[in-house]
Amino acid sequence: MNLSIVVADDQALVRAGFCGIVNATPGLAVVGQAGTGAEAVAVTRRTRPDVVLMDVRMPELDGIEATRQITGRDGGSGTRVLILTTFDLDEYVYAALHAGASGFLLKSTEPAELVNAIRVIAAGEALLAPSVTRRLVEEFTRRPVPPRGAAPGPAPARAPAASLAGITGREREVLALIATGLSNPEIAARLCISEATAKTHVGHLLTKLNARDRVHLVILAFQAGLVSAG
């Protein structure tokens, strides 16, 4: 079964490039394109794709507000958004994560990395460009509201340490490792447990902390002071 993808970017040549990569990959298929944020929302609601590749700066409706509408209660019903941007510290990305994006990747990423990111996002996990994960999360957790004039939605409240009271000692270890950017196999190796057990711990954390995905878990770990961004 193919993963369905919507490509949203205001530059036609960029859209064509991403569509070419997706359609040339077995198991992936483009089901819609959009040149504005409003079109991205409309196409997503019509096609219900697995993943939207979302540019940030678009006319009519920017990628942040489009992401909020797509991932919101009345949005894409499970559709996940992967933000693609030119700059690794794009101010818009912080707000996009607040709005519900599940990943962040640079447009300079190699095609194979883009394909892998799509599959990771579609599988229900989250992904941040490795070169900027720490800086991104550090800046994100410092900001009480998104950094633009009109906030796309309520910012997560800063979580006190007590918010982690319901998780076990092992789950705290797993959460700390997630916050450093480790994958499930890497967590399993570090803790000398099976990958299946690591995955189970992650699932329990998502449920207990009412987290949207791994990005949200990382942010909660930093907000609660479990790890520092230094």
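A short tour of the structure in this document, coming up. (Residues numbered from 1 in each chain as written. Predicted model: local features only at pLDDT ≥ 70, side-chain atom pairs only at ≥ 80, totals over all residues. Heavy atoms only, no water.)

Concerning the overall build of the protein
Within the protein, the secondary structure is distributed over 10 helices and 6 strands. The buried share of the protein, taken over its 230 residues, is 52%. Across the protein, contacts joining residues at least 24 apart in sequence account for 65% of those joining residues at least 6 apart. Total accessible area computed for the protein in this model is approximately 10500 Å², and 53% of it derives from carbon and sulfur atoms. (Helix = DSSP H or I, 4+ residues; strand = E, 2+ residues; numbered from the N terminus. Buried < 20%, exposed > 50% of the residue type's maximum accessible area, 1.4 Å probe, protein only. Contact = heavy atoms within 4.5 Å. Areas by Shrake-Rupley, 256 points an atom, 1.4 Å probe, with all protein chains shown as cover.)

Regarding the environment of Ala-196
Counting through the fold element by element, Ala-196 comes out in helix α9 (residues 195-208). Assessed through its relative accessible area of 53%, Ala-196 is described here as exposed.

Some details on helix α7 (residues 169-179)
Within α7, burial applies to Glu-171, Val-174, Leu-175, Ala-176, Leu-177, Ile-178 and Ala-179. Gly-181 occupies a position one or two residues after α7 and carries a positive phi of about 95°.

A look at the pairing of strand β5 (residues 103-106)
Burial of β5 is two-sided: the residues Gly-103 and Leu-105 facing one way and the residues Phe-104 and Leu-106 facing the other way are all buried. Sheet topology note: the strand β4 (residues 80-85)/β5 ladder contains 4 bridges and is parallel. Bridge pairing links Ile-83 to Phe-104 in β5. (Pairing = 2+ DSSP bridges.)

Side note on unusual backbone geometry
If you check the backbone angles, Glu-60 has positive phi at about 70° while not being a glycine. Positionally, Glu-60 belongs in the loop between β3 (51-55) and α3 (63-71). One non-glycine residue, Asn-210, lies in the positive phi region at around 50°. You can see Asn-210 is positioned in the loop between α9 and α10 (214-223). Residue Asn-210 is classed as exposed on the basis of its relative accessible area of 65%.

A closer look at the pattern of salt bridges
Under the defined criterion, the tally for this structure stands at 5 salt bridges. Ionic pairing is found between Asp-55 and Lys-107, a salt bridge with its closest N-O pair at 3.2 Å. You can see Asp-55 sitting in strand β3 and its partner Lys-107 sitting in the loop between β5 and α5 (111-122), a full 52 residues away along the chain. By relative accessible area, Lys-107 is classed as partly exposed at 23%. The structure contains a network of salt bridges with shared partners spanning Asp-9, Asp-55 and Lys-107. (Salt bridge = Lys/Arg side-chain N within 4 Å of Asp/Glu carboxyl O.)

These figures capture arrangement, not role.
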